[in-house]
Amino acid sequence: MKYNSWIPKNNTNLPEFIIGGAMKSGTTTLHQILVKHPDVFMANDELGFFDMDSIVEHPDFNFFDGNTWHTQKIDQDLTSVWKWYSDKFKDANEGQIKWEDSTTYLSFALAAKRINCQRNI
């Protein structure tokens, strides 16, 4: 997959910052502190958006039905995938800083490249 396919057509409803933490590194504590601030809006769960096609990081997103492996095919319909992601931030109030965190981004090198693409539009 080419990195430029990770450039969204519209970035108006995307997070301003992303925490790419690691397990047992304080991500949960930082999350609990920031989510209480009235000027901050956080997606409800760890989204795993930038590494959702990593079978190592998200084996639950992939499954074997006895005959065939089914995996995320995010590069086939990126418009829908970007809509799903931006919808996670649609409830933010005007002026709130939108953010998300994921403990899997740090261990998946491609996630950083994908995040960089979406931030540079």
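All chains use their own residue numbering, which begins from 1 and follows the written sequence. Residue-level local features of this predicted model are given only where pLDDT is at least 70; pairs of side-chain atoms are given and counted only at 80 or more, and the full residue set underlies all totals for whole chains, interfaces and linings. With hydrogens and water excluded, all non-hydrogen atoms of the structure serve as input to the side-chain values.

**Some thoughts on the environment of Leu47**
Inference 1: In DSSP terms, a helix is any run of H or I states spanning at least four residues, a strand is any run of E spanning at least two, and both are numbered starting from the N terminus. Looking at the element boundaries, Leu47 is found in the loop between strand S2 (40-42) and strand S3 (63-64).
Inference 2: A residue is classified by how much of its surface remains accessible, and Leu47, at 8% relative accessible area, is buried.
Inference 3: Between the C-alpha atom of Leu47 and that of Asp101, which follows or precedes it by 54 residues, the distance is 7.5 Å. Buried residues are those whose accessible area, probed at 1.4 Å on protein chains only, stays under 20% of the maximum for their type, while exposed residues exceed 50% and partly exposed ones sit between those limits.

**Some words on the pattern of salt bridges**
Inference 1: Any carboxyl oxygen of Asp or Glu within 4 Å of a side-chain nitrogen of Lys or Arg constitutes a salt bridge here. Taken as a whole, this structure holds two salt bridges when the rule is applied.
Inference 2: Between Glu16 and Lys98 there is a salt bridge, and its shortest N-O distance comes to 3.6 Å. Taken as a pair, Glu16 in the segment before strand S1 (17-20) and Lys98 in strand S5 (residues 97-102) lie far apart in primary sequence, 82 residues in all.
Inference 3: Under the relative-accessibility criterion, Glu16 is labelled partly exposed at 41%.
Inference 4: Overall, Lys98 belongs to the buried group, its relative accessible area being 10%.
Inference 5: Lys83 is the salt-bridge partner of Asp87, the closest N and O atoms lying 2.7 Å from each other. Here the residue Asp87 and the residue Lys83 both occupy positions in helix H2 (residues 78-87), the gap between them amounting to four residues, near one helical turn.

**Concerning the confidence of the model for the chain**
Inference 1: pLDDT measures how confident the predictor is about each residue, on a scale from 0 to 100. When the pLDDT values of the chain are averaged, the result is 79; 78% of them are 70 or greater.
Inference 2: For the chain, the element scoring lowest by mean pLDDT is strand S4 (residues 69-70), at 69; S2 scores highest, at 93.

**A word on the nonpolar core**
Inference 1: Core analysis: the largest hydrophobic core is formed by 18 residues, its most contacted members being Phe49, Phe50, Trp82 and Tyr85.
Inference 2: Among the secondary structure elements, those contributing two or more residues to this core are H2 and helix H3 (109-119).
Inference 3: The leading source of residues in this core is H2, at four residues.
Inference 4: Among residues more than four places away in sequence, those in contact with Tyr85 are Leu14, Pro15, Ile18, Leu47, Phe49, Phe50 and Glu100. For our purposes a nonpolar core is just a set of buried Ala, Val, Leu, Ile, Met, Phe, Trp, Tyr and Cys residues, chained together by side-chain atoms within 4.5 Å. Residue contacts are defined here by distance: any two heavy atoms, one from each residue, within 4.5 Å place the two residues in contact.

**Describing the sheet that holds S2**
Inference 1: An order of S1-S5-S2 is seen for the three strands of this open sheet, with the pairing classed as parallel. Each having just a single partner strand, S1 and S2 make up the two edges of the open sheet. Averaged over all pairs of adjacent strands, the angle between their axes in this sheet comes to 30°, without regard to strand direction.
Inference 2: Pairing of S2 with S5 involves three bridges; the strand directions are parallel. Across the sheet, the residue bridging to Val40 is Ile97, located in S5. By this definition, two strands are paired if DSSP reports at least two bridges between them. Here an angle of 0 to 180 degrees is reported between the N-to-C directions of two axes, which are lines fitted to C-alpha atoms, with helices fitted over the stretch in contact.

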